[in-house]
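# Geometric and topological summary
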Amino acid sequence: MLKTFQDIEVNNRKVKVHQHDGKFAYTEWKNLRVGDIVKVEKDEFFPADLLLLSSSYDDAICYVETMNLDGETNLKLKQALEVTSSMHEDSHFQNFRATIKCEDRNANLYSFIGAMELEEQQYPLSAQQLLLRDSKLRNTEFIYGAVVFTGHDTKVIQNSTDPPSKRSRIEKKMDHIIYFMFCALFTIAFVGSIIFGVLTKNDLENGSMKRWYLRPDSSTIYFDPKRAPVAAIYHFLTALLLYSFLIPISLYVSIEIVKVLQSIFINQDLQMYHEESDKPAHARTSNLNEELGQVDTILSDKTGTLTCNSMEFIKCTIAGTAYGRGATEVERAMGRRKGSPLGNGKVNGVTNTLDSTDTKPIVKGFNFKDERIMNGNWIKEPRADVIQKFFRLLAVCHTAIPEVDEDTGKVSYEAESPDEAAFVIAAREVGFEFYKRTQTSISVKELDLVSGRKVERLYKLLNVLEFNSTRKRMSVIVKDEEGKLLILSKGADSVMFERLAEGGEFEENTMEHMNEYADAGLRTLVLAYRELSEEEYNEFNQKFSGAKNSVSADRETLIDEVAEKIERDLILLGATAVEDKLQNGVPDCIDKLAQAGIKLWVLTGDKMETAINIGYACSLLRQGMKQIIINLDSPEIQALEKTRDKAVITKASKESVRNQLMQRKVQHTASSANHDAFALIIDGKSLAYALEDDMKQMFLELALECASVICCRSSPKQKALVTRLVKTETRRTTLAIGDGANDVGMLQEADIGVGISGVEGMQAVMSSDIAIAQFRYLERLLLVHGHWCYRRISTMICYFFYKNIVFGFSLFLYEAHASFSGEPAYNDWYLSLYNVFFSSLPVITLGVFDQDVSARYCLKFPLLYQEGVQNVLFSWRRIFGWMFNGLCSSIIIFFFCSKAMEHQAFNGDGKTVSRDILGGTMYACVVWVVNLQMALAISYFTLVQHIVIWGSIAFWYLFQVVYGAMPVNFSTNVYKVFVEALAPAPSYWLITLFGAITALIPYILYSSIQMRFFPMYHGMIQWIRQDGQLNDPVYCEMVRQRSIRPTTVGFTARKAANSGRFESRNQQLSPS
């Protein structure tokens, strides 16, 4: 209903639409049609997918906020075609006629293929001219646009698919318990009905009535011996209704209430609040709270998840010479591994120095220190001409937008990625300041080699060959002031080196430096250029324009093919190296998760060397851990790749991966007796073959036996496939965590998707189940809230079945005692209100407030988390144990009450008990027992729990007084029973007291024996707290080392770091 009202409100919004004669008038969104010209003003939403025609700016640009689409808050720049950019007035559209041909409707937000025919000329259209519905116009007074898609055809509606439905394992198991209880209900009802039918048939023998009080001689159907089968069927239906209290229908409602309240506590946890970004944790769904306590494997992205995705330009190699003296976090970690913290040392032949006297203001995105380059000193370098071209390329080859502060004159940049922003900032700091961009030009203030002064240079922008994940590079073709045509390219080394001209000067040195940068955990890009002839460019431009004007589905392929021909024979300039620093607390968080026995897989698009060194920096890999590396870098495969025979390459590559997996499996098996820790590292090409149906099981078996797994060069699809493989084959809970759009598939595929609200926008958050601001908060989310929620929900469900069995089975026992007459032991209102007032609130407070151990102890003893992974608190043994406890309590209550009242007077008047008195006494015992059982099950009492437990008992007595005082036609068989019969009788209070105590004795005995002789892990920690042994390091270490499962990531990681320390523990933790 709410969604309907929202739709009505949106459809009735108004926008200006061109009517005729250059006049615009307001009309409702729902009346828009394809081809309408609309005028959208500042801070208004776009009513449909529009083709931008012009704006209030002379160069027809506009700024768009797409938060409603992808959650990103940074503004996007859109620009109209130059041919329509001059239409700034309403009157200009009086005689405007054009034809638009474009692709069919689709859900891709980031691409658009089309062409506009205007005055017999055809102009290509791209996503740069498309304004999407529900995005907002910002920092622009107005725009004119033509409606391309409306209503359900718009891209935002095409994207509004239902997210995958996720249910926790506990909920699914609870369904099976309900099925079991239904079977039990039908069974006892069926058995009781058969017995009732037999007894009814034999009620009249030779004219005498066995059960005379049922008057079988005058009964019509229910007790008629002549119609015993029919009577049995009626009894079966009656019994189903009577015993239905065995099925806890209110359980589902109570669990939903509890989960919502648990989610509120997660959202309000100040220790998961990131002050810098003003973002708290946000549980976007309450379905999976308990799953947080059962995570077996975490699959994590690297960039923006483990790292900040805040890139800093720190080093570069130009003309074969390495520049940059800063030391990265990875280099410092490598120094610590070798026992020599990195202060001053040589990397790439450059001395790293940490200059504490450097007082220069810190520039975000720029951490480059080298006196040979800074302050214009690069002019004195031997290859100053190459350095000039290097930084000029960084200042020109990009899609960033400059914003000049009118007060200070400082230039800031809006870029599509942190990498690109870092490159433009680096160029500016060195002396190549990009300050203006139009549709056809880029303006740069740069240092002139000849005069030594800053000059303004204009580069005519002819073509932009955009970056995508397939090309892995971007290029621009520009014409400088001297009339030279230049193609400037930057991209990944895997695609750039093969496009270089033969006989390059310093390829070998550059490659060597890049490998060392990768070892230092830096992200690298190769920079290259070449000069074009007029003939070559004209030929290219003709084909490129033809490809862009194509409206076919393979338009992108055609563009890539044309670009491929121009991006060749490039001249190498050098390579950049930017650092993506680790987030605060990542190493400690990973170490704590490892100690908790949680496996961590990292799925990244980075090079293998970079991923490995980041793994060391964040403690995912440790010294002494044996690395199993699977790749396709063997000389045989490389030789085959030169033949370009795809079939042969595919067959050989697949066989190579298979052989490597088999060999590594044998290697691991041979070393397993020594308890060596292994790390599996596999690249993207190998992973593609390892995920095929005939090999994925072998890959998974090897991966599961390793302490750490790193998948390098992984595509978004591979991330999702790996997540699906782990989830489906292990049947354990998986958690995926990421921050970008490329992680959405992985988040949706995992049992739990955690999105990090980083700088890559909010797409991951919008597709996630839980959002956090930093990776380190995962530690508290899982080890504290996850453990608490799992324990609370598990205990809550078990207790729910317990209390319903106590109540429902007492009804069955009474009916059996009354020869299955179908008469309930309790008043109708007693039956109805049991699960509403007398036993519901305590179990809800348990689900919200109970803590077996405090947050401090959860983090101090992380192996406590394994109780959830092993599901020891919601195993079938524990579930049936609680059910058996309920049966025992019910049997004790019934027989204790019935036998205690059977043969003696109930009060001083000598009266014996009636059904109403027996039912009232039994009900009192049930209320006391189930509430006292709750008090025994609670580990952490709060004032709220005291109020609801003792309040539920008190309310039972208050209800008897009030309800019993009502007129007899309303209170029926309990009219003044409590006030006049039960309360004055001492035997009632004695039976209630001793009956309740007796019913609880089995649970008390079991709990005492278990705690004393077979303590669970949380029980041992409770003893530490109780005995005040928290400060005893020996005892705490003994408890910490007592793992539930013999082999965990934490165990192997700690053993690898100090194998001697754990030699004795291996015997203690050997599988039983």
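Cut-offs used in this document
- Residues numbered from 1 in each chain as written.
- Predicted model: local features only at pLDDT ≥ 70, side-chain atom pairs only at ≥ 80, totals over all residues.
- Heavy atoms only, no water.
- Helix = DSSP H or I, 4+ residues; strand = E, 2+ residues; numbered from the N terminus.
- Buried < 20%, exposed > 50% of the residue type's maximum accessible area, 1.4 Å probe, protein only.
- Areas by Shrake-Rupley, 256 points an atom, 1.4 Å probe, with all protein chains shown as cover.
- Patch = residues over 30% accessible without salt bridge, like charges linked within 9 Å, V, L, I, M, F, W, Y side chains within 5 Å.
- Salt bridge = Lys/Arg side-chain N within 4 Å of Asp/Glu carboxyl O.
- Contact = heavy atoms within 4.5 Å.
- Pairing = 2+ DSSP bridges.
- Axes fitted to C-alpha atoms, helices over the stretch in contact; angles between N-to-C directions.
- Parallel < 35°, antiparallel > 145°, perpendicular 65-115°, else oblique.
- Left-handed = near helix turned anticlockwise from the far one by under 90°.
- UniProt positions renumbered as here; feature names shortened; annotations may be inferred.
- Polar contact = N/O pair within 3.5 Å; in protein donor to acceptor, adjacent residues only side chain to side chain.
- Phe/Tyr/Trp six-rings, centres within 6.5 Å; stacked < 30°, edge-to-face > 60°.
- Lys NZ or Arg CZ within 6 Å of the ring centre and 35° of its normal.
- Core = buried A, V, L, I, M, F, W, Y, C linked by side-chain atoms within 4.5 Å.

So, on to the overall build of the chain. Looking only at helices and strands, the chain features 37 helices and 36 strands. Within the chain, buried positions represent 54% of all 1072 residues. Looking at the chain as shown, the accessible area adds up to about 47,800 Å², and 54% of this sits on carbon and sulfur atoms.

So, on to a nonpolar patch on the surface. There is a patch of nonpolar side chains on the surface, built from W829, V836, F837, F955, L958, V961, V962, M966, F970 and V979 and spanning about 840 Å² of accessible area. When contributions to the nonpolar patch are tallied by element, the ones reaching two or more residues are α24 (828-838) and α30 (943-964). Of the residues forming the nonpolar patch, the biggest block, four residues, is contributed by α30. Here V962 shows up in helix α30.

Tallied over the entire structure, the rule returns 54 salt bridges. The salt bridge involving E290 is made with K259; its shortest N-O contact spans 2.9 Å. In this pair, E290 sits in the loop between β15 (282-283) and β16 (295-300) while K259 sits in helix α6 (residues 250-267), placing the two residues 31 residues apart along the sequence. As far as burial versus exposure is concerned, E290 and K259 are alike and both buried. For D852, the salt bridge identified is with R791, shortest N-O distance 4.0 Å. Of this pair, D852 sits in the loop between α25 (840-849) and α26 (855-860) while R791 sits in helix α23 (residues 777-817), and the two are 61 residues apart along the sequence. You can call D852 buried: its relative accessible area is 0%. Its relative accessible area of 7% is what places R791 among the buried residues. Each member of the salt-bridge network shares a partner with another, and the members are R167, E171, D175, K259 and E290.

Relative to the elements of secondary structure, T305 occurs in the loop between β16 and β17 (307-318). Setting aside residues up to four positions removed in sequence, T305 forms contacts with S300, Q583, I737, G738, D739, I756 and F775.

Quick look at the side chain of S653 now. Within the secondary structure, S653 sits in helix α17 (residues 646-671). Residue classification places S653 among the buried positions, given a relative accessible area of 2%. Dropping the residues within four chain positions of it, S653 is found in contact with L632, I637 and Y689.

Looking now at the environment of L51. Within the element layout of this structure, L51 appears in strand β4 (residues 49-55). It is 9.3 Å that separates the C-alpha atoms of L51 and I37, two residues lying 14 residues apart in sequence. The contact partners of L51, leaving out residues within four places of it in the chain, are I100, M116, L125, Q129, Y144, G145, A146 and V148.

Across the sheet, six strands lie side by side as β2-β1-β3-β12-β4-β10; this open sheet has antiparallel pairing. Of all the strands in the sheet, the pair left with one neighbour each is β2 (23-28) and β10 (130-131). Bridge count for strand β3 (residues 37-41) against strand β12 (residues 142-149) is five bridges, and the pairing is antiparallel. When the sheet's bridge partners are listed, V38 is paired in β12 with G145.

At a minimum axis separation of 9 Å, α6 and α25 run at an interaxial angle of 30°. For the element pair α6 / α25, the angle class is roughly parallel. Both α6 and α25 take part in a crossing whose hand is right-handed. On α25, the residues touching S254, I257, V258, L261, Q262 and F265 of α6 are I844, G847, V848 and F849.

UniProt records the feature "active site" (unreviewed entry) at D301, using the numbering of this structure. The class of D301 is buried, set by a relative accessible area of 4%. Setting aside residues no more than four positions away along its own chain, D301 makes contact with L306, L603, K719, I737, G738, D739, D743 and M746. Separated by 3.4 Å, the side chains of D301 and T305 make a polar contact.

The subject of this paragraph is the sheet that holds strand β7 (residues 99-102). As summarised here, the arrangement of the three strands in space is β7-β8-β9, forming an open sheet in which the pairing is antiparallel. In this open sheet, the two strands that pair with only one neighbour each are β7 and β9 (121-125). Sheet twist, expressed as the mean angle between neighbouring strand axes with direction ignored, is 20°. One ladder, built from four bridges, connects β7 with strand β8 (residues 114-118); its direction is antiparallel. Directly across from C102, in β8, lies its bridge partner G114.

Turning to α24, a few remarks are in order. An α-helical turn contains 3.6 residues, so a residue and the one three or four places further along point in the same direction. Listed as buried for α24 are Y830, L831, L833, Y834, N835 and F838. On the buried face of α24, the contacting elements are α6, α23, α25, α29 (915-937) and α30. Looking at where α24 begins, the residue whose side-chain oxygen comes 2.8 Å from the main-chain nitrogen of W829 is N827.

Relative to the helices and strands, N509 resides in helix α11 (residues 507-519). When the C-alpha atoms of N509 and I318 are compared, they prove to be 9.6 Å apart, with 191 residues separating the residues in sequence.

This part covers the packing of aromatic side chains. Per the stated rule, a full pass over the model turns up 54 aromatic pairs. Aromatic side chains F838 and F955 sit 5.9 Å apart centroid to centroid with 45° between the ring planes, which places their arrangement in the tilted category. One end of the pair, F838, is in helix α24; the other, F955, is in helix α30, and 117 residues separate them in sequence. Among the residues examined, F838 registers a relative accessible area of 0% and is labelled buried. Given the relative accessible area of 33%, F955 is considered partly exposed. Centroid distance Y988 to W989: 5.0 Å. Interplanar angle 75°. Geometry classified as edge-to-face. Geometry around Y435 places K445 over its ring, the cationic atom sitting 5.0 Å from the centre. The cationic tip of R1012 hangs over the ring face of F1013; the distance from NZ or CZ to the ring centre is 5.4 Å.

Burial analysis of strand β27 (residues 485-491) places seven of its seven residues in the buried class, the great majority of the element. Sheet topology note: the strand β26 (residues 473-479)/β27 ladder contains seven bridges and is antiparallel. Its bridge partner lying in β27, R473 is registered against G491. Count of turn residues in the β26/β27 antiparallel hairpin: five residues, of which G483 carries a positive phi of about 90°. As judged from the seven bridges shared by β27 and strand β28 (residues 522-532), these two strands associate in the antiparallel manner. Opposite L486, over in β28, you have E531 as the bridge partner.

This part covers the nonpolar core. Core analysis: the largest hydrophobic core is formed by 96 residues, its most contacted members being Y243, I797, F807, Y826, Y923, W956 and Y988. Top element by residues in this core is α23. It accounts for 17 residues. In contact with F807, other than residues within four places in its own chain, are F245, Y826, Y830, L831, Y834, Y923 and V926. Membership of the second largest hydrophobic core comes to 76 residues, among which are M311, F368, V476 and V478.

Here the focus is unusual backbone geometry. The backbone of A319 sits at a positive phi, close to 55°, despite the residue not being glycine. You can see A319 is positioned in the loop between β17 and β18 (321-323). Even without being a glycine, D569 presents a positive backbone phi close to 50°. Secondary-structure assignment places D569 in the loop between α13 (555-566) and β29 (571-582).

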